[in-house]
Amino acid sequence: MALQCGIVGLPNVGKSTLFNCLSNAKAQSANFPFCTIEPNVGVITVPDERLNKLAELIHPQRIVPTTVEIVDIAGLVKGASKGEGLGNKFLANIRETDAILHVLRCFDDENITHVDGHVDPVRDKEIIDAELQIKDLETIDMRISKVQKQAQTGGDKQAKLIYDVLLKFKEALEQGKSARTVTFDTKDEQKAARELFLLTSKPVMYVCNVDEASAVNGNHYVEAVREAVKEENAEILIVAAKIESEIAEFETYEERQMFLEEIGLEESGVGRLIKSAYRLLNLETYLTAGVQEVRAWTYLKGSKAPQCAGVIHTDFEKGFIRAEVIKYEDFINYGSEAAVKEAGKMSVEGKEYIVQDGDIMHFRFNV
């Protein structure tokens, strides 16, 4: 399931530094705009302590965590919707991602130039929002010109539905609001809205890149961002990218944890960012546990057992019979699969079972 989060932001806000911390792929990081021209893609391991705890009980041959793809996209500038800077390339790359990690510069440093002269994360956010909204408005107007006649005179119900969806988006965008703020009542409308693939309909998380002193509690820049996005229902994450790059240099887990404790953090910003990106993509994890491997599998939240079985192999979904399910907490409490079964804590579920995050699954199927 190759779903992607795209890291976006103005030049010199710390996107590539953050990407380098997230992945072994080394994007160039320098003090000038457009250093990252082609989008760098990193396949990032999602931290999950449950795998380690299961492994302590089972002693498998290997542990296989799940992953998420992070894409570092070239910095956008004002006028990108009209092709300024690397605007067209930026917009094409962001269209291919499933969610957006919007990095905002929330630190002062006279040695790192700002493309607009001074630090103002709210202004930076509004610049990117406006460029994406302009592009979405172009898309909407183009679609309206194609369906308007059918919708108004042709008696085509589907054309009328699409037209109404387009008008609702157009109204919001013309007011400077992103498409994600628009809600639809019916499933048909929701489906039509999704199929437009608008840039501003993608889920977004604002990543406030701060200095070391602000790594724990943030600063006045972060508070300004909170106020600006309070009606967007968006998540905000505080990360000190410079510190994260230092943490990445430590070779052992113990060294990294000692460093984090010294600066007052329980978990690295990178770890929190990866988990948040995973949630942003509406993903959850189920587990398989045996002596060969303890493994995490990614599925879309709300999926039923056969679809989750298909994540392992399409044959599992085609020939699905039933799923044997153990709750993670029960496995840890009883210490083994046999003990869980003996206690009557393993359930047998059919095709309508909605898989829950952390379920330990064993699928029965017949091809």
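Below, the structure is looked at part by part. Predicted model, so just to flag it, every value in this text is computed and none were measured.

1. Considering the overall build of the chain
Thinking step 1. When you go through the chain residue by residue, the secondary structure sums to 14 helices and twelve strands.
Thinking step 2. By residue count, 49% of the 367 residues in the chain fall in the buried class.
Thinking step 3. Sequence-distant contacts in the chain: of pairs separated by 6 or more residues, those separated by 24 or more amount to 70%.
Thinking step 4. Taken as a whole, the chain presents about 18,700 Å² of accessible surface, with 48% of it coming from carbon and sulfur.

2. What about the packing of aromatic side chains?
Thinking step 1. Enumeration according to the criterion identifies six aromatic pairs in this entry.
Thinking step 2. When the centroid spacing of 5.2 Å and the interplanar angle of 75 degrees are considered together, the rings of F169 and F184 count as edge-to-face. In this pair, F169 is assigned in helix 5 (residues 157-174) and F184 in the loop between helix 5 and helix 6 (187-194), connecting sequence segments 15 residues apart.
Thinking step 3. With a relative accessible area of 3%, F169 lands in the buried category.
Thinking step 4. Ring plane angle 40 degrees and centroid distance 5.9 Å describe the contact between Y286 and Y299, whose orientation is recorded as tilted. Separated by 13 residues along the polypeptide, Y286 in strand 8 (residues 283-289) and Y299 in strand 9 (residues 293-300) bring together distant segments of the chain.
Thinking step 5. A relative accessible area of 0% places Y286 in the buried class.
Thinking step 6. Residue Y299 is classed as buried on the basis of its relative accessible area, which comes to 1%.

3. Looking at the side chain of T66
Thinking step 1. Residue placement: T66 occurs in the loop between strand 3 (62-64) and strand 4 (67-72).
Thinking step 2. Residue classification places T66 among the buried residues on the basis of a relative accessible area of 9%.
Thinking step 3. Polar side-chain contacts of T66 include one of 2.3 Å to the side chain of T298.
Thinking step 4. Excluding its chain neighbours within four sequence positions, the residues that come into contact with T66 are I44, T45, V46, Y278, T285, A296, W297 and T298.

4. With respect to the layout of surface pockets
Thinking step 1. Within this model, the largest pocket holds a volume of roughly 1,300 Å³.
Thinking step 2. For the largest pocket, the lining is made up of 41 residues, of which T45, V46, P47, G271 and I274 are closest to its centre.
Thinking step 3. Within the residue set of the lining of the largest pocket, elements represented by two or more residues are helix 1 (15-22), strand 2 (40-45), helix 2 (49-58), helix 8 (241-249), helix 9 (253-262), helix 10 (269-280) and strand 8.
Thinking step 4. By residue number, the principal contributor to the lining of the largest pocket is helix 10, which donates six residues.
Thinking step 5. The volume enclosed by the second largest pocket comes to roughly 1,000 Å³.
Thinking step 6. D98, R194, S201, K202 and P203 are the residues nearest the centre of the second largest pocket, which is lined by 29 residues in total.
Thinking step 7. When contributions to the lining of the second largest pocket are tallied by element, the ones reaching two or more residues are helix 6 and helix 10.
Thinking step 8. Ranked by residue count, the leading element in the lining of the second largest pocket is helix 6, at three residues.

5. Regarding the pattern of salt bridges
If the charged atoms of two oppositely charged side chains come close together, the side chains can form a pair.
Thinking step 1. Counting across every chain of the model gives 20 salt bridges.
Thinking step 2. D124 is the salt-bridge partner of R123, the closest N and O atoms lying 3.0 Å from each other. Both residues of the pair, R123 and D124, belong to the buried class.
Thinking step 3. Here R364 makes a salt bridge to E324, at a shortest N to O gap of 3.1 Å. Placement of R364 in strand 12 (residues 360-365) and of E324 in strand 10 (residues 320-326) is noted, with a sequence separation of 40 residues between them.
Thinking step 4. The exposure class of R364 is partly exposed, given its relative accessible area of 34%.

Cut-offs applied
- Residues numbered from 1 in each chain as written.
- Predicted model: local features only at pLDDT ≥ 70, side-chain atom pairs only at ≥ 80, totals over all residues.
- Heavy atoms only, no water.
- Helix = DSSP H or I, 4+ residues; strand = E, 2+ residues; numbered from the N terminus.
- Buried < 20%, exposed > 50% of the residue type's maximum accessible area, 1.4 Å probe, protein only.
- Contact = heavy atoms within 4.5 Å.
- Areas by Shrake-Rupley, 256 points an atom, 1.4 Å probe, with all protein chains shown as cover.
- Phe/Tyr/Trp six-rings, centres within 6.5 Å; stacked < 30°, edge-to-face > 60°.
- Polar contact = N/O pair within 3.5 Å; in protein donor to acceptor, adjacent residues only side chain to side chain.
- 1 Å grid on protein atoms, 1.4 Å probe; cavity = no way out; pocket = protein on both sides within 12 Å on 5 of 7 lines; lining within 4 Å.
- Points joined across faces, edges and corners; volume = space filled by probe spheres on them.
- Salt bridge = Lys/Arg side-chain N within 4 Å of Asp/Glu carboxyl O.

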